[in-house]
Amino acid sequence: MTKINFLKLKHFIPKQNNTIINTCNNSVHFKRSIALLSNSYQRRDSVEVQAERKSNLFVPPSSPINENDLNKVQNFIDKTKKLFVLTGAGLSTESGIPDYRSEGVGLYARSNSRPMQYKTFLQSAERRRQYWARNFVGWMRYKSFVPNTSHMALSVWEKRGKIDWLATQNVDGLHLKAGSERVTELHGSLHRVNCLSCNNVTDRNIFQEKLLKLNPDFITKQGAMGPDGDTLLSEDEMKNFDVPECEVCGGILKPNIVFFGDNVEKTIVGYLMNQVEKADGILCAGSSLEVYSGYRFALAAKKWNKPIAIINIGPTRADHLATLKIEAKLGDILPELSV
C-alpha cells in the first residue's frame, strides 16, 4: 500500500502528536489516524468554535447512513482510478462554518442578511467599509476553524493516488490545512487580500494587523458568523471603521474571493475542465451546485459520459445528472471508505 507523506501537516499539528503521522505511514488502518489528526486540530480550537462543531449547529438534519448506501459509494470509488472531486460548503459545516442554503440552518434561513455583491463592492466605498468591519470582527474566529474528518479523508485519498484533482468552492483553506496539495480554490481564499489596481497580494493576518492599527478602539460584540468569515453588525457599530488603501498604489483592497456576481477566471475554468476530461469519475461532496461555477463541471462530466456521485444533504441542481445520489453527513461516509 502506498506510503502516506504527512510531513506537510506538521506545520498544523502539535509536536507531541507527530507520532500520529507515523501511524498514518505505517498502518493500513488509517481511519483511526484520520480521527486522531482531526482531534489534534480540535484541541487547539477556541471554546466557541469547539461548541459550534460539536453541536453540529450548521449541519442540516439527515438520516444516518445505512450499510447499503455506504457500499454503493464504496463501489463507485473502487471503480475509479482518476477521481475528480468537487467540494462545497456542506463539507465545512461539520467544522463549524455555516453555509448559505441549507434548510433551517443556512444563512438564508437564519437571517435576512445576504452576501456581498461584486458590483456593490466596487461601486460603494461605504459598503466596502461595512464589509471590512464585519470581516475584521469575524476573522479571528474564522481563521481558527480546522479540518474535520472528511477533509482528512480526502487528503489521505490524494496521498494514496485515488484523487487526481480536487476543486473546492470553499474559501476557508481547510483542504490545504488538511494536507491536500492537488487543489484548486475555485472561488479563491479569504486568507489573502488583493489590490484591484496593481494586484499586490497581502496575507490576511498581516492585513488584520493593519486594520487593528487603524481601529485600535473598535470594540463590538461579535454577531452571528457568516459563511465567508464576516459577522453580522449594525450600521451604527460600523460607522467609524477605517479601511486602508493599497500600500503600493493606493488602490481598493478586496478579499481574494469571487463575490456573488463576479466570474471565475477563464484560465482556472479551462484548467479544471481539462481535469474533468482526464478523470474517470466525478464526486460532488457537500454542494447544492446551485451556482453555475460548480454546476458547469457536472454538465461537462455528463457530456463526456463520466459517472457522477453526489453526496449532499438536500437536493442539488445536478441530481438529474447523477449516477449515484446519497443524502447523509459527509463525516459519516468519507472517513469510512477504503482506498
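Before reading on, note that the structure itself is shown above.
The notes below deal with the structure included here. Just so it is clear, the model here is predicted, and its values are computed rather than measured.

**Some points on the overall build of the protein chain**
So, step 1. Broken down by element type, the protein chain carries 14 helices and 9 strands.
So, step 2. Relative to its 339 residues, the protein chain shows a buried fraction of 54%.
So, step 3. Nonlocal contacts in the protein chain, meaning residues at least 24 apart in sequence, comprise 73% of its contacts between residues at least 6 apart.
So, step 4. For the protein chain, the accessible area works out to roughly 15600 Å², and carbon and sulfur atoms hold 49% of it.

**Considering the pairing of strand β8 (residues 308-311)**
So, step 1. Residue alternation in β8 divides its side chains into two sets, I308 and I310 and A309 and I311, and both sets are buried.
So, step 2. Pairing geometry for strand β7 (residues 281-285) and β8, over 4 bridges, is parallel. Note on β8: the bridge partner recorded for C284 is I310.
So, step 3. Of the strand pairs in this sheet, β8 and strand β9 (residues 324-326) are connected by 3 bridges, and their pairing is parallel. Across the sheet, I310 pairs through a bridge with K325, a residue of β9.

**Digging into the environment of I326**
So, step 1. Take I326: it is sitting in strand β9.
So, step 2. Relative accessible area serves as the criterion here: at 3%, I326 is assigned to the buried category.
So, step 3. For the pair formed by I326 and P315, sequence separation is 11 residues and the distance between their alpha carbons is 9.9 Å.
So, step 4. Apart from residues lying up to four places away in sequence, I326 is in contact with I65, D69, V73, I310, I311, N312 and I333.

**As for the pairing of β7**
So, step 1. Most of β7 is tucked away: 5 of the 5 residues are buried.
So, step 2. Here β7 shows two buried faces, one formed by G281, L283 and A285 and the other by I282 and C284.
So, step 3. Alignment of strand β1 (residues 83-87) against β7, held across 5 bridges, turns out to be parallel. The partner of V85 across the bridge, within β7, is L283.
So, step 4. Each parallel crossover has a hand, and the one from β7 via helix α14 (residues 292-303) to β8 is right-handed.

**Remarks on the packing of aromatic side chains**
So, step 1. Going through the model one piece at a time under the given rule, you end up with 12 aromatic pairs.
So, step 2. With centroids separated by 6.3 Å and ring planes inclined at 45°, the aromatic side chains of F84 and F297 adopt a geometry described as tilted. A residue pair is termed long-range when its members are at least 10 positions apart, and F84 in strand β1 and F297 in helix α14 qualify at 213 residues.
So, step 3. Accessibility expressed as a relative area gives 0% for F84, which makes it buried.
So, step 4. With centroids separated by 6.0 Å and ring planes inclined at 80°, the aromatic side chains of Y142 and F145 adopt a geometry described as edge-to-face. Here the two residues Y142 and F145 agree in accessibility, since each one is buried.
So, step 5. Grouping aromatic residues by their ring pairs yields a cluster made of F121, Y131, W132, F207 and F259.

**A closer look at the sheet that holds strand β3 (residues 183-185)**
So, step 1. With respect to topology, 6 strands assemble into an open sheet ordered β3-β2-β1-β7-β8-β9, the strand pairing being parallel. Two strands close off the open sheet at either side, each with one partner strand: β3 and β9. On average, adjacent strands in this sheet sit at an angle of 15° to one another, irrespective of strand direction.

**Overview of the sheet that holds strand β4 (residues 188-195)**
Hydrogen bonds along the backbone pair up the strands of a sheet, which may run parallel or antiparallel.
So, step 1. With antiparallel pairing, the 3 strands of this open sheet are ordered in space as β5-β4-β6. Bordering the open sheet on either side are β5 (201-203) and β6 (253-257), each of which pairs with just one other strand. Sheet twist, expressed as the average angle between the axes of neighbouring strands with direction ignored, equals 40°.
So, step 2. Lying on the sheet, helix α8 (residues 125-142) is in contact with β4 and β6; it crosses β4 at an angle near 140°.
So, step 3. Set on the sheet, helix α11 (residues 204-214) makes contact with β4, β5 and β6; between it and β5 the angle comes to about 80°.

Procedures and definitions
Residues numbered from 1 in each chain as written. Predicted model: local features only at pLDDT ≥ 70, side-chain atom pairs only at ≥ 80, totals over all residues. Heavy atoms only, no water. Helix = DSSP H or I, 4+ residues; strand = E, 2+ residues; numbered from the N terminus. Buried < 20%, exposed > 50% of the residue type's maximum accessible area, 1.4 Å probe, protein only. Contact = heavy atoms within 4.5 Å. Areas by Shrake-Rupley, 256 points an atom, 1.4 Å probe, with all protein chains shown as cover. Pairing = 2+ DSSP bridges. Right-handed = clockwise from strand over helix to strand, strands pointing away. Phe/Tyr/Trp six-rings, centres within 6.5 Å; stacked < 30°, edge-to-face > 60°. Axes fitted to C-alpha atoms, helices over the stretch in contact; angles between N-to-C directions.

Keep in mind that these numbers describe shape and distance, not what the molecule does.
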